[in-house]
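Below, each chain spelled out in residue letters.
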Amino acid sequence: MRVPVPTRWTVTAAALLLVAVATGAAPNPPAGPTVLQLAGQRVIHSYRGLTPPDDLLAEIRGGRAAGVIFFKDNYQDARQFGSAVRLLRQARHSSGVRAPLLLMTDQEGGLVRRVPGAPELSARAVGRAADPMAAAADAGTGAGRNLAGLALNVNLAPVLDVYQEPGNFIDRKERSYSSDPQQVAALGSGFLAAQQRTGVAATAKHFPGLGSAASAENTDLAPVTLPIEAATLRAVHEAPYRAAIAAGVRLVMLSWAVYPALDADRPAGLSPTVVEQELRGRLGFRGVTLSDALEAGALQDFGDTGHRAVAAATAGVDLLLCSSGDPAQGRDATAALATALTSGRLDPASFTHATHRIADLQAHLD
């Protein structure tokens, strides 16, 4: 299936016409972007090493990628990294997609930094500073300027988890500002607002909160269930997200933990109840939703990459994070989304809404 749009195409224009094609209103469209290309605009890729591999560059040149996430093994020094980013941007330029690639990393501060430099302070250190609000703003500004200087445009920060016990999963690496939800709300919003003023989009994570996870409860490695009462979940763990949404956060990352008070059967990022009813419906978030890593051990009972990608998209997640370091993972996710779209498993209108949100994000970035 091809969608009738100009050679230099925008994702939203293509997606709007996708609805007409899927419903039979445009039965014989002229050549244009394929459904595989449109599906690719919802997938974030990754790679190992210092140079983007040819197969990833081919996906980007072919218009089948929304962006790339970077890790420490992708960075040697600013010169090498700059060359890698230029290769990726050049590939995007030749793809026919007008919107910029989403180029992202986890630059939270303290122990969780993928590239050298700001922010030096961890979230815990910010929360304990003499002037925490000033420290949060400085950290956000520093993160944004650092990443913008490397030509990145999205930061997967701040963490808005409200830690419950010292030394637990989120506190042991100093990733939480506080055990006080109002303090987390204020400092997280200060960080993200300052960062976004530099032109780098912020991502609030991990909705609806990992602050009650014990030290060994790591969704990267295995399934995690957090039996928090709904009232506590909303009053404590979701409170920072209300503030972040009010402050204009561009993205929210979903947790892979299961929250029985909301959905006893599915991790948050695979649950329409959590994504559509809780985050979008109850809290009113209108920005881009992002999955956590699709390769996470928490999803071991939910099939392969393709099944996970389709389940997350069905739940209302806009961008799918393929962060295993293997470009084949991104290709598998893209192929599965395209198949689900053409077969009717994914609703074309919902797909269009997702691409509108992604395009709006890209319109604010370089």
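We now turn to the structure provided with this report. Everything numeric here is computed off the predicted structure, so don't read it as measured data.

1. So, the pattern of salt bridges
Any two side chains of opposite charge can pair, on the condition that their charged atoms come close. Overall, the coordinates contain 15 salt bridges when judged by the stated rule. Between Glu238 and Arg282 there is a salt bridge, with its nearest N and O atoms 2.6 Å apart. One end of the pair, Glu238, is in the loop between helix H8 (230-237) and helix H9 (239-246); the other, Arg282, is in helix H10 (residues 272-282), and 44 residues separate them in sequence. Classification of Glu238 as buried rests on a relative accessible area of 0%. Relative accessible area serves as the criterion here: at 37%, Arg282 is assigned to the partly exposed category. With a shortest N-O distance of 2.8 Å, Asp318 and Arg357 are connected by a salt bridge. Here Asp318, found in the loop between helix H11 (305-315) and strand S12 (319-321), pairs with Arg357, found in helix H13 (residues 348-363); they are 39 residues apart in sequence, far enough to count as distant. Accessibility expressed as a relative area gives 0% for Asp318, which makes it buried. Beyond isolated ion pairs, a larger network of salt bridges with shared partners links Asp106, Glu108, Arg114, Arg175 and Lys205.

2. Quick notes on the packing of aromatic side chains
Throughout the structure, instances matching the rule amount to four aromatic pairs. Between Phe70 and Phe81 the ring centres are 5.0 Å apart and the planes differ by 75°, which places this aromatic pair in the edge-to-face class. Linking Phe70 in strand S2 (residues 67-70) with Phe81 in helix H4 (residues 78-93), this pair joins segments that are 11 residues apart in sequence. Look at Phe70 and you get buried, because its relative accessible area is 1%. Of the residues examined, Phe81 reaches a relative accessible area of 0% and is grouped as buried. Between Tyr75 and Phe81, the aromatic rings sit 5.4 Å apart at their centres with planes inclined by 50°, giving tilted as the arrangement. For the pair shown, Tyr75 and Phe81 are each scored as buried.

3. So, the packing of helix H6 (residues 132-149) against helix H7 (residues 181-196)
Orientation of H6 relative to H7, taken along the N-to-C sense of each, is 35°, at an axis distance of 7 Å. The two elements H6 and H7 meet at a crossing, and its hand is right-handed. Two secondary-structure elements touch here, H6 through Pro132, Met133, Ala136, Ala137, Ala139, Gly140, Thr141, Ala143 and Gly144 and H7 through Gln183, Ala186, Leu187, Gly190, Phe191, Ala194 and Gln195.

4. Points about the packing of helix H3 (residues 54-61) against H4
It is the contact of H3 with H4, at a shortest axis distance of 7 Å, that shows an interaxial angle of 35°. Both H3 and H4 take part in a crossing whose hand is right-handed. On the side of H3, the interface is formed by Leu56, Leu57, Ile60 and Arg61, while H4 contributes Leu87, Leu88, Ala91 and Arg92. In terms of residue class, the contact of H3 with H4 is built from six nonpolar, no polar and two charged.

5. Some details on the environment of Thr225
Relative to the elements of secondary structure, Thr225 occurs in the loop between strand S7 (201-207) and H8. Separated by 12 residues in the primary sequence, Thr225 and Ala213 have C-alpha atoms spaced 8.4 Å apart. Excluding residues within four positions of it along the chain, Thr225 makes contact with Glu217, Val258 and Pro260.

6. Section: the pairing of strand S11 (residues 288-293)
S11 sits mainly inside the fold: six of its six residues count as buried. Pairing of strand S8 (residues 251-254) with S11 involves three bridges; the strand directions are parallel. Residue pairing for S11: Leu251 is matched across the bridge by Val288. Bridge count for S11 against S12 is two bridges, and the pairing is parallel. Following the sheet pairing, Leu290 is matched in S12 by Leu319. Read as a crossover between parallel neighbours, the route from S11 over H11 to S12 is right-handed.

What counts and what doesn't
Residues numbered from 1 in each chain as written. Predicted model: local features only at pLDDT ≥ 70, side-chain atom pairs only at ≥ 80, totals over all residues. Heavy atoms only, no water. Salt bridge = Lys/Arg side-chain N within 4 Å of Asp/Glu carboxyl O. Helix = DSSP H or I, 4+ residues; strand = E, 2+ residues; numbered from the N terminus. Buried < 20%, exposed > 50% of the residue type's maximum accessible area, 1.4 Å probe, protein only. Phe/Tyr/Trp six-rings, centres within 6.5 Å; stacked < 30°, edge-to-face > 60°. Axes fitted to C-alpha atoms, helices over the stretch in contact; angles between N-to-C directions. Left-handed = near helix turned anticlockwise from the far one by under 90°. Contact = heavy atoms within 4.5 Å. Nonpolar A, V, L, I, M, F, W, Y, C, P; charged D, E, K, R; others polar. Pairing = 2+ DSSP bridges. Right-handed = clockwise from strand over helix to strand, strands pointing away.

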